[in-house]
Amino acid sequence: MTVSSRRIPVIIDTDPGVDDVLAILLALASPELDIRAIIVTFGNTDVEAAYLNILRLHKALALQFEQDPKSRARFSNFTPGSQIILAKGANGPLEGELLSAEYFHGRDGLGDIDKGHPDLNVDTKDPGAYPMLQFADKPGEDVALDIISTEPVKSISYIILGPMTSFARLMRKHGDTVRDRLGQVICMGGALDVPGNSSAVAEFNFFADPFAVKEIFEPVSPVQGFPLERFLLVPLDTTTPHEITFPYYKEHIDPTFENTTRPSDPSQKAPLLHFTSAFLERTREVMIMFGKDAMELHDIVAVWCAIENPPPSDEELAQAGPLPVLKGRWGAVRRKFQVERLGEITRGMLVVDRREGEGAYDPGVNRAAVQAELEMHGFHSSGALESTAVPAQVELETAPELEKKPLTVGVPVVNVTPGPAALLRTLTERVWGVVA
Ligand SMILES: *[C@@H]1O[C@H](CO)[C@@H](O)[C@H](O)[C@H]1NC(C)=O
Ligand SMILES: *[C@@H]1O[C@H](CO)[C@@H](O)[C@H](O)[C@H]1NC(C)=O
């Protein structure tokens, strides 16, 4: 990766559970980024517990710097000279039931390290203990507004690693400014063509607040959405193949790592390593129950995408037309879908209109082409029910050329990354300073 002369100012909107904390560590160790604020929301756990996890991370890094001053250089984003604003965002979804993922991340969001590793607990009464942070006295969306209003126009990336609630609140309150000035949104969430990870059909972040997702992607007047050409969705489909196996972690990063039956011993290792091993111990046990000895790097992929893809300029967008603008080996396509909010068993599911896909009705006639043909003759196909009216066999007068045109609508979805090996290398080098 090459460091461009200008660092990308970013706001990280997160519900710090296990993969979020690793993602934040990667961001802190990435000189391409200039982290201006961290907005903590509900999600993996509640806001208060999530907030404490940022303080734990601060404590671990501060101890690390004390014991090994050289490691400061790796975390160029974490210095008293450029404090990161820490704010609280939403503590529940816009509407609907509050559901969390404590079964996976633990009550404290970090595999219950508060019990297994009391040495990692923090003193919240002493703000002087956190020189790298500036504690906000206003809600997350107002903190975001201040930053978006003062940084150069379209220079900021807003990275969403948790439910979209705080961003939806930001759009409700300050939509005009955000539309005019925010450079891009990169959001981890959703499952399009793969099973969900919170239910059979839903990815956790979208499951946690499908109302916010709907409001951003399908705004209804007077609420207006965010311009989608400046939005990149990083769904479970793309993130899941990226993982760190625990045998790899043990071999290259922490040779004493096992699980909660042999807890990490702070007297044996550097503070940062102790911190990551402490919260990964239980994750390992949970993942083994799920059938693999590895952790998936969902949120980490989103941060990586932000590192390598600065916000596009207006010129780049104009040149690209409807296609998303990505750098290097990254790729994206536009996808059309709707989010289910109230389903009895499908909350947070992304309902993809597969009538439009290639080979949607294989074997046999392609009904998507038929649909397009009907549309050309004035039959609108935006409703949910009309396809049943389409006859199974229709002679088309024209070849289905429409199919080959790039979609001009839909959400830009990242579907190509530089690959799992490249991410693992980047993460290992940057966060732990190990060249594997
Ligand atoms: C599901 O995906 C989200 C990605 O945001 C992740 O934070 C969460 O840990 C995942 N849960 C499981 C059970 O894999
Ligand atoms: C913890 O690790 C030990 C040693 O590898 C193993 O025998 C045990 O089954 C593991 N426990 C869990 C809960 O995974």
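Residues numbered from 1 in each chain as written. Chains lettered and ligands numbered in written order. Predicted model: local features only at pLDDT ≥ 70, side-chain atom pairs only at ≥ 80, totals over all residues. Heavy atoms only, no water.

**Student:** What should I look at first to understand the packing of aromatic side chains in this one?
**Tutor:** Each aromatic ring pair is described using two quantities: the centre-to-centre distance and the angle formed by the ring planes. Counted by the stated rule, this structure contains 13 aromatic pairs. Seen in terms of ring centroids, tyrosine 130 and phenylalanine 135 are 5.9 Å apart; in terms of plane orientation they differ by 85°. Their pairing is edge-to-face. The class for phenylalanine 135 is partly exposed, based on a relative accessible area of 31%. With a centroid separation of 5.7 Å and 25° between ring planes, the pair formed by phenylalanine 246 and phenylalanine 257 is classed as stacked. With phenylalanine 246 in helix 10 (residues 246-253) and phenylalanine 257 in the loop between helix 10 and helix 11 (271-290), this residue pair connects regions lying 11 residues apart in the sequence. When its relative accessible area of 1% is taken as the criterion, phenylalanine 246 is described as buried. Feature note: the residues Phe206, Phe217, Phe231 and Phe337 constitute an aromatic cluster, connected by ring pairs. The residue whose ring lies beneath lysine 88 is tyrosine 51, and the NZ or CZ to ring-centre distance is 4.5 Å. (Phe/Tyr/Trp six-rings, centres within 6.5 Å; stacked < 30°, edge-to-face > 60°. Buried < 20%, exposed > 50% of the residue type's maximum accessible area, 1.4 Å probe, protein only. Helix = DSSP H or I, 4+ residues; strand = E, 2+ residues; numbered from the N terminus. Lys NZ or Arg CZ within 6 Å of the ring centre and 35° of its normal.)

**Student:** I would appreciate a short explanation of the environment of glutamate 102 in the present structure.
**Tutor:** By secondary structure assignment, the location of glutamate 102 is in helix 3 (residues 102-105). A C-alpha to C-alpha distance of 9.0 Å links glutamate 102 and glycine 17, two positions 85 residues apart in sequence. Setting aside residues no more than four positions away along its own chain, glutamate 102 makes contact with Asn44, Thr45, Arg107 and Arg282. (Contact = heavy atoms within 4.5 Å.)

**Student:** What exactly am I supposed to notice about the site of ligand 2 here?
**Tutor:** The immediate surroundings of ligand 2 are formed by Glu258, Asn259, Thr261 and Glu285. For ligand 2, an oxygen atom lies 3.1 Å from a polar atom in the side chain of glutamate 258. Asparagine 259 places a polar side-chain atom, nitrogen or oxygen, 2.3 Å from an oxygen atom of ligand 2. Alone, ligand 2 offers 370 Å² of accessible surface; in the complex the protein occludes 41% of this. When the residues that make up the shell around ligand 2 are grouped by side-chain class, the tally is no nonpolar, 2 polar and 2 charged. (Near = heavy atom within 4 Å. Polar contact = N/O pair within 3.5 Å; in protein donor to acceptor, adjacent residues only side chain to side chain. Areas by Shrake-Rupley, 256 points an atom, 1.4 Å probe, with all protein chains shown as cover. Nonpolar A, V, L, I, M, F, W, Y, C, P; charged D, E, K, R; others polar.)

**Student:** What exactly am I supposed to notice about the pairing of strand 7 (residues 231-234) here?
**Tutor:** Remark: a regular strand shows side chains that alternate across the two faces of the sheet. Because side chains alternate across strand 7, one face comprises the buried residues Phe231 and Leu233, and the other comprises Leu232 and Val234, equally buried. Bridge count between strand 6 (residues 184-188) and strand 7: 4 bridges; the pairing is parallel. Residue pairing in the sheet places cysteine 187 in a bridge with leucine 233 of strand 7. (Pairing = 2+ DSSP bridges.)

**Student:** Help me understand the packing of helix 5 (residues 140-150) against helix 6 (residues 165-181), please; the structure alone is not making it clear to me.
**Tutor:** What describes two packed helices is the angle between their axes and the distance between those same axes. In contact at an axis separation of 9 Å, helix 5 and helix 6 are set at 15° when each is read in the N-to-C sense. Between helix 5 and helix 6, the angle is such that the two are roughly parallel. Viewed along their axes, helix 5 and helix 6 form a crossing whose handedness is right-handed. When helix 5 is examined against helix 6, the residues Glu141, Asp142, Ala144, Leu145, Ile148, Ser149 and Thr150 are found in contact with a partner set consisting of Ser166, Arg169, Leu170, Lys173, His174, Thr177, Val178 and Arg181. Across the contact of helix 5 with helix 6, the residue classes tally to 5 nonpolar, 5 polar and 5 charged. (Axes fitted to C-alpha atoms, helices over the stretch in contact; angles between N-to-C directions. Parallel < 35°, antiparallel > 145°, perpendicular 65-115°, else oblique. Left-handed = near helix turned anticlockwise from the far one by under 90°.)

**Student:** Hey, could you run me through the nonpolar core in this one?
**Tutor:** Side chains of nonpolar character tend, in soluble globular proteins, to be buried together. Membership of the largest hydrophobic core comes to 87 residues, with the highest contact counts inside it found for Phe78 and Phe275. Phenylalanine 78 has contacts with Leu28, Leu57, His58, Leu61, Phe65, Ile84, Met132 and Leu133, leaving out every residue within four places of it along the chain. Formed by 37 residues, the second largest nonpolar core is a distinct cluster that contains Ala87, Ala144, Ala168 and Phe206. (Core = buried A, V, L, I, M, F, W, Y, C linked by side-chain atoms within 4.5 Å.)

**Student:** How should I be thinking about the site of ligand 1 in this particular structure?
**Tutor:** Taken together, 10 residues surround ligand 1, and among them Asp19, His105, Met188, Asn197 and Asn205 come closest. At 2.3 Å, a side-chain N or O of asparagine 197 approaches an oxygen atom of ligand 1. Between ligand 1 and aspartate 299 there is a distance of 3.5 Å, counted from an oxygen atom to a side-chain nitrogen or oxygen. Here ligand 1, which alone exposes 360 Å², has 95% of that area covered by the protein. Put simply, the parts of the chain that give the shell around ligand 1 at least two residues each are helix 3 and helix 12 (298-308). Looking at the shell around ligand 1 element by element, the count peaks at 3 residues for helix 3. A breakdown of the residues in the shell around ligand 1 according to their chemical character gives 3 nonpolar, 4 polar and 3 charged.

**Student:** How should helix 10 be read in this particular structure?
**Tutor:** Along an α-helix, a turn takes 3.6 residues, which lines up residues three or four apart on a common side. All of the buried residues in helix 10 are Phe246, Tyr248, Tyr249 and Ile253. The buried residues of helix 10 occupy an angular sector of 150° when projected down its axis, which confines them to one face. Contacts from the buried residues of helix 10 go to strand 8 (243-245), helix 11, strand 9 (294-296) and helix 15 (420-432). In this structure threonine 245 caps helix 10, since a side-chain oxygen of it lies 3.1 Å from the backbone nitrogen of tyrosine 248. (Arc of directions from axis to C-beta.)

**Student:** Mind showing me how you'd approach the pattern of salt bridges here?
**Tutor:** Side-chain pairs of opposite charge can arise whenever the charged atoms involved come near each other. Tallied over the full model, the rule gives 24 salt bridges. Here aspartate 114 ties to lysine 115 by a salt bridge, and the two come within 3.9 Å at their closest N and O atoms. Put simply, glutamate 296 and lysine 292 hold a salt bridge, and the shortest N to O gap is 2.8 Å. Assessed through its relative accessible area of 17%, glutamate 296 is described here as buried. A single salt-bridge network, built from bridges that share partners, covers Lys250, Glu258, Arg262, Arg284 and Asp293. (Salt bridge = Lys/Arg side-chain N within 4 Å of Asp/Glu carboxyl O.)

**Student:** I would appreciate a short explanation of unusual backbone geometry in the present structure.
**Tutor:** Excluding glycine, a negative phi dihedral is what most residues carry, and trans is how most peptide bonds are arranged. The phi dihedral of aspartate 112 falls on the positive side, at around 55°, and the residue is not glycine. Relative to the helices and strands, aspartate 112 is located in the loop between helix 3 and helix 4 (113-116). A residue is classified by how much of its surface remains accessible, and aspartate 112, at 22% relative accessible area, is partly exposed.

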